[in-house]
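Chain and residue survey
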Amino acid sequence: MHAPPPSDATPGQTTEGYRQGLGKRQIQMISVGGAIGTGLFLGAGSRLQAVGPSLAIVYLVCGVFSFLMLRALGELVMYRPTSGSFVSYAQEFLGSRASYVAGALSFFSWAMTGIVDITAVALYMHFWGVFAVVPQWVMALMALVVITCMNLIGVKWFGEMEFWFSIIKIAALLAFLVVGTAILGLRVPVDGHSTGIQLITEHGGLFPHGMLPALVLIQGVVFAYYGIEMIGTAAGECKNAREVLPSAINNVIWRIMIFYVGTVTLLVLLLPWSAYQAGVSPFVTFFSRLGVPGVDSLMNIVVLTAALSSLNSGLYSTGRVLRALALNGTAPRYLAHMNKQAVPAAAILTTVAIYLVGVGLNYLLPSQIFEIVLNMASIGIVSTWCFIVLCQIKLRQAIRAGRIAPTGFAMPGAPVTAWLTVAFFISILGLMLFDYPTGTYSIMAIPALAALLFVGWKAASHTPLNVVPQTIPSAELTDDADFTPPRAE
């Protein structure tokens, strides 16, 4: 039996060459921000239009399995924190091929998600009439330039930006919950409608379009939770990760209950579900119906922040995932390059190149791009999460065999819950077949995606790279409160 591998990195630095620039408050907020994003602020509008009040039930079911996946990841991180996250774990527990596929599909899903996010930014900007004349693709490009610059200047600044993005998102949702609950409790009419349960019972009930649309929608709702696994990547650049991570992960479940299930339930009790529409944030719809001047614009600023936060997180994650693949020898060597700020600049800029394709799609298909890319991203999301749980299953097998010491943060109910979670994620791919045309076409594209993965595997060198961590100047470490000064020799 052995304990988690010791680190041979210098203080304030990881064995992969990253700097431990993320503090406890930043990790806590990253865990929150990862669970609150574009899928709620923008996607909930079209989802309510599609399935009505049953959206709250779909969010609940997907949230439970997403949390179980996160607990599986938490057990892996407690075993060995690493910025390579599930790519590194797949390499250890499932082998090189699995690690390559996991990383490539994660990159694919984050690339697709980034296109969704820059599309969302452009849609939000068009809410204000003054920007109506600016083409959607121009807005998308401006957002990409800003977030790219912020990702290249250092992990501490990434963490600080995510901290404040998360503060804004949480404050906005809490404000909605307080205002909405007060209006509901006082029975104040909204837009000429009486609030309350009759808005559900008198408009088709929980399933106004039947059960099948709600089932099919699961693949889209899973997208709303994508990003919660980023806490596993961020843990590799966090001091005292084993102390900070358990509480950060355990708090995610109640955030899901309040911010997703509670929020959607409140939305359908305040306005008829048919009042919400695709392309418009349901929160903007609600506040605009209140008739309070400027409140809808304020909420639109908040949802714009959420989209920028998601785009920022995507660049952070793909940069680390691509570099992990390069270190394993299954991606081009140039992707392992880091700049003077210990940021994987080559990998980040490669991701930006993919996002530029999204800018082009915004030019060619401005009205359809959100739903098309959302479905494609779901394939990568489901695959990534399956790999995470499969790695946890192998870890638990090693623990039971006595080869690895218990982590002290076991996934609850494993291995039963682990296999149920894998089965649930795989079933989502089957449900996508019924989401014609975009979901059906996305599943039909899987063979082409598999062919690209095969070509990439054959073209790889499969020669792992040795990492020599950069030396951090002692003055920089001393001046930065988030870093521990190096030991004297």
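Numbers given to residues run from 1 along each chain, matching the order in which its sequence is written. Whole-chain, interface and lining totals are the exception, using all residues; otherwise, since this is a predicted model, local features are given only for residues with pLDDT of at least 70 and side-chain atom pairs are given and counted only at 80 or more. Side-chain metrics in this entry use all non-hydrogen atoms of the structure; hydrogen atoms and water are not considered.

1. Quick word on the overall build of the chain
Put simply, DSSP H or I for four residues or longer makes a helix, DSSP E for two residues or longer makes a strand, and each gets a number counted from the N terminus. A count of helices and strands for the chain gives 22 helices and 0 strands. Expressed as a percentage of the 489 residues in the chain, the buried residues total 60%. Pairs at least 24 apart in sequence give 81% of the contacts found in the chain among residues at least 6 apart. Throughout, the Shrake-Rupley method with a 1.4 Å probe supplies accessible areas, and for residues the shown protein chains are the sole cover considered. When the accessible area of the chain is evaluated, it comes to approximately 18800 Å², of which 69% is carbon and sulfur surface. The classification of residues rests on relative accessible area computed with a 1.4 Å probe and restricted to protein chains. Under 20% of the type maximum is buried, over 50% is exposed, and intermediate values are partly exposed. Throughout, a residue-residue contact means that at least one pair of heavy atoms, one from each residue, lies within 4.5 Å.

2. Looking at the packing of helix 5 (residues 85-93) against helix 16 (residues 295-328)
Across the interface, helix 5 lies against helix 16 with an axial gap of 8 Å and an inter-helix angle of 30°. On the basis of the axis angle, helix 5 is roughly parallel to helix 16. From helix 5, Phe 86, Val 87 and Gln 91 reach across to helix 16, where they touch Val 321, Ala 324, Leu 325 and Asn 328. Only the stretch in contact is used when fitting a helix axis, every axis being a line fitted to C-alpha atoms; angles between N-to-C directions are given from 0 to 180 degrees. Any angle from 65 to 115 degrees is called roughly perpendicular, while one under 35 is roughly parallel, one over 145 is roughly antiparallel, and all others are oblique.

3. Topic: the nonpolar core
Side chains of a nonpolar character, in soluble globular proteins, are inclined to be buried together. Nine residue types can take part in a nonpolar core, namely buried Ala, Val, Leu, Ile, Met, Phe, Trp, Tyr and Cys, and a core is a set of them joined through side-chain atoms within 4.5 Å. Counting 149 residues, the largest nonpolar core has Phe 41, Tyr 59, Phe 176, Trp 385 and Phe 425 as its most contacted members. The greatest single-element share of this core, amounting to 18 residues, is contributed by helix 6 (residues 96-125). When neighbours within four sequence positions are excluded, Phe 176 is seen to be in contact with Thr 181, Thr 263, Leu 266, Leu 267, Leu 270, Phe 283, Phe 286 and Phe 287. Membership of the second largest hydrophobic core comes to 5 residues, among which are Val 155, Phe 158, Met 230 and Ala 234.

4. Notes on a nonpolar patch on the surface
On the surface, Leu 60, Val 64, Trp 254, Met 257 and Ile 258 cluster together into a nonpolar patch covering about 380 Å² of accessible area. Only helix 4 (55-79) and helix 14 (252-270) provide two or more residues apiece to the nonpolar patch. Here the element with the most residues in the nonpolar patch is helix 14; it accounts for 3 residues. Counting through the fold element by element, Val 64 comes out in helix 4. A residue counts toward a patch only above 30% relative accessible area and without a salt bridge, and it is joined to like-charged neighbours within 9 Å or, for Val, Leu, Ile, Met, Phe, Trp and Tyr, to nonpolar neighbours within 5 Å. Just to be clear on terms, a salt bridge is a Lys or Arg side-chain nitrogen sitting within 4 Å of an Asp or Glu carboxyl oxygen.

5. Describing empty space enclosed by the protein
Grid spacing is 1 Å over the protein atoms alone, the probe is 1.4 Å, and a cavity is where that probe fits but cannot get out, while a pocket is an open set with protein on both sides within 12 Å along at least five of seven lines and lining residues have an atom within 4 Å of a point. Grid points are joined across faces, edges and corners, and a volume is the space filled by probe spheres set on the points. Within this structure, the stated rule accounts for 2 cavities of 30 Å³ or more. Taken together, Phe 86, Ser 106, Trp 110, Tyr 226, Glu 229, Met 230, Thr 233, Ser 317, Val 321 and Thr 384 make up the full set of residues lining the second largest cavity. Of all the secondary structure elements, the ones that give two or more residues to the lining of the second largest cavity are helix 6, helix 12 (230-234) and helix 16. Gly falls in the polar group here, along with every residue not listed as nonpolar (Ala, Val, Leu, Ile, Met, Phe, Trp, Tyr, Cys, Pro) or charged (Asp, Glu, Lys, Arg). When grouped by side-chain class, the residues that make up the lining of the second largest cavity number 5 nonpolar, 4 polar and 1 charged.

6. With respect to helix 19 (residues 416-432)
Multiplying 1.5 Å by the residue count of a helix minus one yields the expected span of that helix. Along its 17 residues, helix 19 runs 25 Å from first to last C-alpha, staying within 8% of the 24 Å computed at 1.5 Å per residue. Taken as a whole, helix 19 has its buried residues at Thr 417, Ala 418, Thr 421, Val 422, Phe 424, Phe 425, Ile 428, Leu 431 and Met 432.

7. Structural notes on the side chain of Glu 75
With respect to the element layout, Glu 75 can be found in helix 4. What makes Glu 75 buried here is its relative accessible area of 1%. Side-chain polar atoms of Glu 75 contact the backbone nitrogen of Met 411, separated by 3.0 Å. In this structure, Glu 75 is in contact with Gln 392, Leu 395, Arg 396, Ile 399, Thr 407, Phe 409, Ala 410 and Met 411, ignoring residues within four places of it in sequence. Under this definition, polar contacts are N or O atom pairs within 3.5 Å; protein pairs additionally need one hydrogen-donor-capable and one acceptor-capable atom, and for neighbouring residues in sequence, both atoms have to be side-chain atoms.

8. What about the confidence of the model for the chain?
pLDDT is a per-residue confidence score from the predictor, ranging from 0 to 100. Per-residue pLDDT for the chain has a mean of 81; in total, 84% of the residues score no lower than 70. For the stretch residues 1-11, pLDDT sits under 50, and the model shows 22 contacts to residues farther than four places along the chain or on other chains. Low pLDDT, under 50, characterises residues 468-489; the stretch is placed with 36 contacts to residues that sit more than four places away or in other chains.

9. Observations regarding the side chain of Thr 318
As for its placement among the helices and strands, Thr 318 is situated in helix 16. A distance of 2.8 Å separates a polar atom in the side chain of Thr 318 from the backbone oxygen of Gly 314. At a separation of 3.1 Å, a polar atom in the side chain of Thr 318 contacts the side chain of Thr 351. Contact partners of Thr 318, with chain neighbours within four places excluded, come to Phe 107, Trp 110, Ala 347 and Thr 351.

10. Side note on the packing of aromatic side chains
Think of it this way: a Phe, Tyr or Trp ring, Trp meaning its six-membered ring, pairs with another when their centres are within 6.5 Å, and the plane angle makes it stacked under 30 degrees, edge-to-face over 60, tilted otherwise. Per the stated rule, a full pass over the model turns up 14 aromatic pairs. On the basis of an interplanar angle of 50° and a centroid distance of 5.4 Å, the ring pair of Tyr 100 and Trp 457 is categorised as tilted. Of this pair, Tyr 100 sits in helix 6 while Trp 457 is found in helix 21 (residues 446-459), placing the two residues 357 residues apart along the sequence. Pair check on accessibility: Tyr 100 and Trp 457 agree, each one buried. Seen from their ring centres, Phe 286 and Phe 287 are 5.0 Å apart, and the 65° between their planes marks the pair as edge-to-face. Taking relative accessible area as the criterion, Phe 287 reaches 6% and is therefore assigned buried. A ring is scored as having a charge over it whenever the NZ atom of a lysine or the CZ atom of an arginine sits within 6 Å of its centre and within 35 degrees of its normal. The side chain of Arg 71 reaches across the aromatic face of Phe 409, ending 4.1 Å from its centre.

11. Quick notes on helix 4
Across its 25 residues, helix 4 extends 36 Å between first and last C-alpha, which sits within 8% of the 36 Å expected from 1.5 Å per residue. A large share of helix 4 lies buried, amounting to 21 of its 25 residues.

12. Focus: the packing of helix 6 against helix 7 (residues 136-151)
Each packed pair of helices is defined by two parameters, the angle between the axes and the distance between the axes. Helix 7 packs onto helix 6 with a crossing angle of 120° between their chain directions and a minimal axis gap of 8 Å. The pairing of helix 6 with helix 7 is recorded here as oblique in orientation. For the crossing formed where helix 6 meets helix 7, the hand is right-handed. Residues Ile 118, Thr 119, Val 121, Ala 122, Leu 123 and Met 125 of helix 6 pack against Gln 136, Met 139, Ala 140 and Ala 143 of helix 7. By residue class, the composition of the contact of helix 6 with helix 7 is 8 nonpolar, 2 polar and no charged. Handedness of a crossing follows from how the near helix is turned relative to the far one, being left-handed for an anticlockwise turn of less than a right angle and right-handed for a clockwise one.

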